[in-house]
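An overview of the molecular structure
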Amino acid sequence: MTALPPLSSVIPPLILGTATFNIQYHPNPDFNNLSLPVLRAAFAANITAIDTSPYYGPSELLVGAALSALAPPRDSLFLITKAGRVGPSAFDYSPAHIRHSVHRSLARLHTPYLDLVHCHDVEFVSPAEVLAAVRELRALRSQGLLRYVGISGYPPAVLAALAEMILARDGRAPRRRPNVLLAIDAGERPAPAVRTAEEAAAVALDERFRKLVEESMWPALGGWRNYSWESPQADFVNTRSEFGVLPTDLDSAPCVATGDDSNLLVEAQRDLVSTESVAPVLTGAA
């Protein structure tokens, strides 16, 4: 397998998050076909990275429908999704489920490959489960189904410990993505000692982000500044009782999304009105 460039050198600086394309936020996540103009506006602003997850209800289906309607060149996009979280308190990191989840995401997003797949909210499961999931994602990467493997969740110290564990076991650490606001607020990103010009540039970039967050973003957030998803408490119990038992929604009708742990059916609204192409707007290559 050809070595990939560092993720930091290819991932776009801005990413469109689509967690709100979700019944957790609105009873009709795509009212007025909103996903289409949202993606069109993002592409017009040259924001070509999109983050989604199977846990976000119909988000993958809505993103996939909008991408089909807008038809941007695949190599102009950076598609990110996740695997492993199947409900508010249910997780399945078994290799069988991770494999199923990736194939389902590929089908929903209408893409032959994914740019980055995170294990979703790794702090809720055991290190052994994270290691097994990362290994399965790497196996799928060797098949050309994805390019980068990552872990996501809170707090940053947990992500760092898991990355070090995986590095010790496999000799390769996954990409880890802590929430930047939490990481800075918790004081867990001290500037490293400057030894080279490259390190000095990295420290300067961190300082720019710190100032952006503290001087621009935090004042705008107001009372929301300290909000974050709760990490698992000592009494947390994974409500997933059977692992590797796959849902049957991969081959379901294209207009229906079925949650792994819910009988709720959500219309994906694939028949979007506009079919205009935004190809001339997109100039970057993933």
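See the structure above.
Attention here is on the structure that accompanies the text. (Residues numbered from 1 in each chain as written. Predicted model: local features only at pLDDT ≥ 70, side-chain atom pairs only at ≥ 80, totals over all residues. Heavy atoms only, no water.)

Quick look at unusual backbone geometry
The backbone of alanine 71 sits at a positive phi, close to 55°, despite the residue not being glycine. On the secondary structure map, alanine 71 appears in the loop between α2 (59-70) and β3 (78-83). With relative accessibility at 41%, the residue alanine 71 sits in the partly exposed group. Although it is not a glycine, aspartate 121 sits at a positive phi angle of roughly 55°. Within the secondary structure, aspartate 121 is located in the loop between β6 (114-119) and α4 (127-142). The class for aspartate 121 is buried, based on a relative accessible area of 13%. (Helix = DSSP H or I, 4+ residues; strand = E, 2+ residues; numbered from the N terminus. Buried < 20%, exposed > 50% of the residue type's maximum accessible area, 1.4 Å probe, protein only.)

Some thoughts on the nonpolar core
If you look at the biggest cluster of nonpolar residues, it comprises 42 residues, and the most contacted ones within it are Leu39, Val130 and Leu137. For this core, the secondary-structure elements that each account for two or more residues are α1 (35-44), α2, β3, α3 (95-109), β6, α4, β7 (146-152) and α5 (156-170). For valine 130, the contacting residues outside a window of four places in its chain are Tyr93, Val122, Val125, Ile151, Leu162 and Ile166. Residues Leu7, Ala49, Ile80 and Leu116 belong to the second largest nonpolar core, which totals six residues. (Core = buried A, V, L, I, M, F, W, Y, C linked by side-chain atoms within 4.5 Å. Contact = heavy atoms within 4.5 Å.)

A few points about the packing of α3 against α4
Direction vectors running N to C along α3 and α4 enclose 45°, while the axes themselves pass 9 Å from each other. The angle between the axes of α3 and α4 places the two elements in the oblique class. As α3 runs across α4, the sense of the crossing is right-handed. Facing α3, whose interface residues are Pro95, Ile98, Arg99, Val102 and His103, α4 presents Ala132, Ala133, Glu136, Leu137 and Leu140. (Axes fitted to C-alpha atoms, helices over the stretch in contact; angles between N-to-C directions. Parallel < 35°, antiparallel > 145°, perpendicular 65-115°, else oblique. Left-handed = near helix turned anticlockwise from the far one by under 90°.)

So, the packing of aromatic side chains
The tally for this structure, following the rule as stated, stands at four aromatic pairs. Ring geometry for tyrosine 55 versus tyrosine 56: centroids 6.4 Å apart, planes at 50°, classification tilted. Of note, arginine 74 hangs over the ring of tyrosine 113, and the distance from its end group to the ring centre comes to 4.0 Å. For the cation-ring pair, arginine 85 lies above phenylalanine 124, with the distance from its terminal atom to the ring centre recorded as 5.0 Å. (Phe/Tyr/Trp six-rings, centres within 6.5 Å; stacked < 30°, edge-to-face > 60°. Lys NZ or Arg CZ within 6 Å of the ring centre and 35° of its normal.)

Overview of α3
With 15 residues, α3 ought to run about 21 Å at 1.5 Å a step, and its terminal C-alpha atoms sit 21 Å apart, in line with that. Among the residues of α3, those classed as buried are His97, Ile98, His100, Ser101, Val102, Arg104, Ser105, Leu106, Arg108 and Leu109. (Expected span 1.5 Å × (residues − 1).)

A few points about the pairing of β3
Within β3, six of the six residues are buried, which leaves the element mostly enclosed by the surrounding structure. Neither face of β3 is left uncovered, since the one carrying Phe78, Ile80 and Lys82 and the one carrying Leu79, Thr81 and Ala83 both have all their residues buried. Sheet topology places strand β2 (residues 49-51) next to β3; three bridges connect them, and they run parallel. Residue aspartate 51 lies in a different strand from β3, and its bridge partner there is isoleucine 80. Tracing the backbone out of β2, into α2 and back to the parallel element β3 gives a crossover that is right-handed. Judged from the four bridges that link them, β3 and β6 form a sheet pairing that is parallel. The partner of lysine 82 across the bridge, within β6, is histidine 118. (Pairing = 2+ DSSP bridges. Right-handed = clockwise from strand over helix to strand, strands pointing away.)

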